Amino acid sequence: MSASHPDDPAFEMALTQTMLEAVAGRSAPETVRVYRPGPTVAFGRLDRLRPGFDAACRAALADGRSPVLRLGGGRAAAYDRECVVVEVIRAQEKLIGGLDERFEDLVALLRDGLAAAGVAVEVGELPGEYCPGRFSLHLPGGPKVAGVAQRVISGASLTTAVLVVAGGDGLRATIADVYDALALPVDVAAAGAVTDRRPDVAVSTLEAGLLDLAARRYQAVPAGPRRDLLKRARELRVTVALGDA
């Protein structure tokens, strides 16, 4: 599935939550999404506890990005139309187990997609990176160009990745503003995009390549979200939108 709603990042996040719940309830099949998102800052639940959280939301809005509450774990992450989001939603019988395997599976998909475009990446946390994680992807020596996160609920799991293809300067500016407001340490130089090193790589090329890879790897059949899921996402939108903070 590649349909996206870049003008409404909160609805986009709510739609993913809706599909996660539908897979958990076995009212929808396992789902893969590959799409280009709108300008967003996705905050983690721990970010909401920071004294500077409201200021961080205002900083995101001032940078032209919608603040939303993210589903996966981790700290604040910024992304936009120059990025590609990949989400894998699976039926999950147990809440415990399979965490690393799901991370490794999506990391392998991203590495294969990047390799097809002639881009080499390494896996691991860079010192001072935003939204740090041991399954982050970075260009050799830095910067970080992708992060991977998970959410597991009763009956289903979500593994999601954001690949930053272009727009490194804008990303760094937003990360600096948001993390300063949250009073969280960050090395802004560790944040970046594929085109910081490979300006010849187009976001459309990587999006198409990842969509094709995901379709073959997960035997996915192209389909848009059902009307009932879209309706439920509209209802859930208010739970993830932070624009009024």
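These figures come from a predicted structure and were not determined experimentally.

What the rule picks out here adds up to 16 salt bridges. Here Arg33 makes a salt bridge to Glu12, at a shortest N to O gap of 2.6 Å. With Arg33 in strand S1 (residues 31-35) and Glu12 in helix H1 (residues 9-24), this pair connects stretches of sequence that are 21 residues apart. Judged by its relative accessible area of 0%, Arg33 falls in the buried class. Taking relative accessible area as the criterion, Glu12 reaches 4% and is therefore assigned buried. Where Asp80 meets Arg65, a salt bridge forms, and the shortest distance between an N and an O atom there is 3.2 Å. Of the two residues, Asp80 is situated in the loop between strand S4 (77-79) and strand S5 (83-92) and Arg65 in the loop between helix H2 (53-62) and strand S3 (66-69); the sequence distance between them amounts to 15 residues. On the basis of relative accessibility, which here comes to 13%, the residue Asp80 falls in the buried class.

With that out of the way, let us pick up unusual backbone geometry. Along the chain, Gly142 connects to Pro143 via a cis peptide bond; the corresponding omega equals 10°. Looking at the element boundaries, Pro143 is found in the loop between strand S7 (137-138) and strand S8 (144-153). Phi is positive for Gln219, which is not a glycine, with a value near 50°. In this fold, Gln219 is placed in the loop between helix H5 (203-217) and helix H6 (227-240).

Of all hydrophobic cores here, the largest spans 49 residues; its most connected members are Phe43, Tyr130, Val178, Tyr179 and Leu182. Not counting residues up to four positions away in its chain, the partners in contact with Leu182 are Phe43, Asp47, Arg50, Gly52, Phe53, Ala56 and Ala76.

How each quantity is defined
- Residues numbered from 1 in each chain as written.
- Predicted model: local features only at pLDDT ≥ 70, side-chain atom pairs only at ≥ 80, totals over all residues.
- Heavy atoms only, no water.
- Salt bridge = Lys/Arg side-chain N within 4 Å of Asp/Glu carboxyl O.
- Helix = DSSP H or I, 4+ residues; strand = E, 2+ residues; numbered from the N terminus.
- Buried < 20%, exposed > 50% of the residue type's maximum accessible area, 1.4 Å probe, protein only.
- Core = buried A, V, L, I, M, F, W, Y, C linked by side-chain atoms within 4.5 Å.
- Contact = heavy atoms within 4.5 Å.

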